[in-house]
Amino acid sequence: GGLDDERRRTMFASIAANASAAVHAKRTQFSGASVKPARAVTMPVAQRRGDLCVRAARVAGVEIPNNKRCETALTYVYGIGETSAKAIMAATGLENKRLREFSEEELTQLREEVEKYQIEGELRRFITMNIKRLKEIQCHRGKMHIRNLPVRGQRTKTNARTRKGKVKTVAGKKK
């Protein structure tokens, strides 16, 4: 006996080890494809799960993209186009680099300059009030707004489909 018991234990241990290896191989196998053993993946500090990563800067209540250059990123704010963005950059004297490279002081300086412009909700309200005024005084432009037709003197007999919408066919219109 003693030798047989020892041999049985070692055989049992090797069988158990092979079985657990087979189970592990089965688990890691994906539709018959061989899977390489998992390696420790090192991620950049800012991209680990749970870490805070700033993807956009807030200017005038709008999140503008971090990975774009400042002039381009400013155009994401309603009421700031390319010309206004260039004027803002010239007024602040900041370099046109990517937004993520800006320091907090530079961002503050940018925000203060943008605040001088009429943008976002304030601009939308201003435009809406102007259109409302034109409608109330019943001028030609106001009437065109009311009838949902082009306002700036374009022809309306043909075309103007963007303003008019889909064609509404009228029976007996042709001669």
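So, a few notes on the structure that sits alongside this text.

What counts as what
Residues numbered from 1 in each chain as written. Predicted model: local features only at pLDDT ≥ 70, side-chain atom pairs only at ≥ 80, totals over all residues. Heavy atoms only, no water. Core = buried A, V, L, I, M, F, W, Y, C linked by side-chain atoms within 4.5 Å. Buried < 20%, exposed > 50% of the residue type's maximum accessible area, 1.4 Å probe, protein only. Helix = DSSP H or I, 4+ residues; strand = E, 2+ residues; numbered from the N terminus. Contact = heavy atoms within 4.5 Å. Salt bridge = Lys/Arg side-chain N within 4 Å of Asp/Glu carboxyl O. Patch = residues over 30% accessible without salt bridge, like charges linked within 9 Å, V, L, I, M, F, W, Y side chains within 5 Å. Areas by Shrake-Rupley, 256 points an atom, 1.4 Å probe, with all protein chains shown as cover. 1 Å grid on protein atoms, 1.4 Å probe; cavity = no way out; pocket = protein on both sides within 12 Å on 5 of 7 lines; lining within 4 Å. Points joined across faces, edges and corners; volume = space filled by probe spheres on them. Nonpolar A, V, L, I, M, F, W, Y, C, P; charged D, E, K, R; others polar.

We now examine the nonpolar core. Counting residues in each nonpolar core, the largest one holds 19 residues, and the members touching the most others are Ile-64, Cys-70, Leu-74, Ile-80, Leu-110 and Val-114. Those elements that provide at least two residues to this core are strand S1 (56-59), strand S2 (62-65), helix H2 (70-74), helix H3 (82-92) and helix H4 (104-115). Each residue touching Cys-70, except ones within four places of it in the same chain, is listed here: Met-89, Asn-96, Lys-97, Leu-99, Phe-102 and Leu-110.

Any two side chains of opposite charge can pair, given that their charged atoms come close. Scanning the model with the defined rule gives five salt bridges in all. Between Lys-116 and Glu-113 there is a salt bridge whose closest N-O contact spans 3.1 Å. Judged by relative accessible area, Lys-116 falls into the exposed class, the value being 64%. Glu-120 is the salt-bridge partner of Arg-124, the closest N and O atoms lying 3.2 Å from each other. Here Arg-124 pairs with Glu-120, and both are found in helix H5 (residues 120-136), just four residues apart, close to one helical turn.

Here the focus is a nonpolar patch on the surface. A cluster of nonpolar side chains, contributed by Tyr-78, Phe-126 and Ile-127, occupies part of the molecular surface with about 260 Å² of accessible area. Positionally, Tyr-78 belongs in the loop between H2 and H3.

Next up on the list: the layout of surface pockets. Estimates place the volume of the largest pocket at around 230 Å³. Ile-127, Asn-130, Ile-131, Arg-133, Leu-134, Arg-141, His-145, Pro-150, Val-151, Arg-152 and Gln-154 are the residues that line the largest pocket. Elements represented by at least two residues in the lining of the largest pocket include exactly H5 and helix H6 (140-146). The class makeup of the residues in the lining of the largest pocket is five nonpolar, three polar and three charged.

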